[in-house]
Amino acid sequence: MRLRDLSSYLIIPSHSDQPESYLHELKQLEWIFIAARWVWVPIVFLMAWLHHPVQADLMIILGGVLGFCNIIACLLNIRLKKPGAQRILSVAMLAIDTVLAWGIILIFVRDFYTAAYAGFVYVIFEAAIRFGIIGSLAMALVFILGLYGAFLYREAAFGVRFSISGYAFWTALMSIVSVSAGMIVHEGRRQRRQSEIYLRENTLLAERHRIARDLHDTVLKTLQGLSLEARALGNRKMSETSVRETAQYIEDVCARTSREIREVIFALRNDDDAAGIGGQIAMMLKDWSKITGIEGDFTLSGEDVILPAESARQVRNIVAEALTNIQRHASASHVSIIIKTASGEI
């Protein structure tokens, strides 16, 4: 059977019950920003080539710093193994991107008309994706205060008057962008949480149906047969020997029904999808041996693998059905289960 993980992946990370899953999401997100910075590096060098020499030197320096920081981010993103450290890397890279964005803005701030301020949109989007609407609003506030200081610096250093209309335009634009980005991310996370809740509810409903089906196929049918036998016992004149035989039959049926109920309970206890499939089946065999008195041994060849929830459930059901058939029909004294995993197959 080929193992396939069909679960969908959302870029926007949310705190997961599994630290490994959360760490994986953070790393995937960081790779996206690393790729975006590699796009920015040639853009910065192109901007340096298009402007006069003083600006070109500074732009080349900023492009080199951006590339160096991105290389460090690549190495750390590979080596970090804990969500907390990965989170610190996220904050640090956001701070670096903010500083470099302001570096580009200050290079062009002497010009009365410049679109360099628009580069800060990238930082706002990055903060929104990393930290939601709080991050985008915080970066908008950083831009508003920083732009005010940049305009004052431009007026004092280069004699360019403070442009109230320009300040109002860029403040309004960045505020709209930050709110929009923050709300989009917030809505995406809300829908993801709703999808997770919906999936859990559907899984629970499917499990309830499975339990009902298992009980119907085993316990309910047995009890119905037992009821008919008891009714016949009361309606017939039977010899003492027949009564003893019928009573023994009823006792055997009750014992088998008790075992079947315990099997259902043990199956529920063993539905631990976070554990490897080998560990799950080993526990199933151990519990089954206790119930039936039939000895069993389990062998795993290869690494234990964690299957998707539905695949794990199907494998457990296959093994459980095999064990049930052995118990009922094989008259076995010993059972062996061998699992081999290799190259994504089991």
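Residues numbered from 1 in each chain as written. Predicted model: local features only at pLDDT ≥ 70, side-chain atom pairs only at ≥ 80, totals over all residues. Heavy atoms only, no water.

With the rule as written, the count across this model stands at 8 salt bridges. Close ionic contact of E25 with R192 constitutes a salt bridge, the shortest N to O distance being 2.5 Å. With E25 in helix α1 (residues 19-50) and R192 in helix α5 (residues 164-235), the pair connects residues that are 167 residues apart, well separated along the chain. Taken as a pair, E25 and R192 share a single burial class, namely buried. Between R192 and E196 there is a salt bridge whose closest N-O contact spans 3.4 Å. (Salt bridge = Lys/Arg side-chain N within 4 Å of Asp/Glu carboxyl O. Helix = DSSP H or I, 4+ residues; strand = E, 2+ residues; numbered from the N terminus. Buried < 20%, exposed > 50% of the residue type's maximum accessible area, 1.4 Å probe, protein only.)

With that settled, the discussion passes to the side chain of T114. In this structure, T114 sits in the loop between α3 (83-108) and α4 (120-158). Side-chain polar atoms of T114 contact the backbone nitrogen of A116, separated by 3.1 Å. Apart from residues no more than four positions distant in its own chain, T114 is found in contact with F108 and W170. (Polar contact = N/O pair within 3.5 Å; in protein donor to acceptor, adjacent residues only side chain to side chain. Contact = heavy atoms within 4.5 Å.)

This part takes up the packing of helix α7 (residues 277-292) against helix α8 (residues 309-330). In contact at an axis separation of 11 Å, α7 and α8 are set at 25 degrees when each is read in the N-to-C sense. Here α8 runs roughly parallel to α7, going by the angle between their axes. The way α7 lies across α8 gives a crossing that is right-handed. Only A312, V315, R316, V319, A320, L323, I326 and Q327 of α8 make contact with α7, whose side of the interface consists of I277, Q280, I281, M284, L285, W288 and T292. Within the contact of α7 with α8, the residues separate by chemical class into 11 nonpolar, 3 polar and 1 charged. (Axes fitted to C-alpha atoms, helices over the stretch in contact; angles between N-to-C directions. Parallel < 35°, antiparallel > 145°, perpendicular 65-115°, else oblique. Left-handed = near helix turned anticlockwise from the far one by under 90°. Nonpolar A, V, L, I, M, F, W, Y, C, P; charged D, E, K, R; others polar.)

Attention now moves to the pairing of strand β2 (residues 334-340). The two faces of β2 differ: V335, I337 and I339 on one face are buried, but H334, S336, I338 and K340 on the other face are not. Both strand β1 (residues 295-301) and β2 contribute to a ladder of 7 bridges, which runs parallel. Paired with D297 across the bridge in β2 is S336. Regarding topology, α8 serves as the crossover connection from β1 to the parallel β2, and that connection is left-handed. (Pairing = 2+ DSSP bridges. Right-handed = clockwise from strand over helix to strand, strands pointing away.)

As a further point, take the packing of aromatic side chains. Under the criterion given, the structure shown has 14 aromatic pairs. Ring geometry for Y117 against W170: centres 5.3 Å apart, planes inclined by 65 degrees, an arrangement best described as edge-to-face. Placement of the pair is Y117 in the loop between α3 and α4 and W170 in helix α5, with a sequence separation of 53 residues. For the pair Y117 and W170, a shared accessibility class is recorded, and that class is buried. A network of ring pairs unites the aromatic residues Y117, Y148, F151, F162, Y167, F169 and W170 as a single cluster. A cation over a ring is seen here: R154 above F151, with NZ or CZ 4.3 Å from the ring centre. (Phe/Tyr/Trp six-rings, centres within 6.5 Å; stacked < 30°, edge-to-face > 60°. Lys NZ or Arg CZ within 6 Å of the ring centre and 35° of its normal.)

Over its 22 residues, α8 runs 30 Å from end to end, which matches the ideal 32 Å to within 8%, given 1.5 Å per residue. Every buried residue of α8 is accounted for by A312, R313, V315, R316, V319, L323 and T324. Immediately beyond the C-terminal end of α8, within one or two residues, lies S331, with a positive phi of roughly 50 degrees. (Expected span 1.5 Å × (residues − 1).)

Moving on: the confidence of the model for the protein chain. In the predicted model, the protein chain carries a mean pLDDT of 81, and 82% of its residues have values of at least 70. Confidence, read as mean pLDDT per element, is least for helix α6 (residues 240-269) in the protein chain (67) and greatest for β2 (94). (pLDDT = per-residue confidence, 0-100.)

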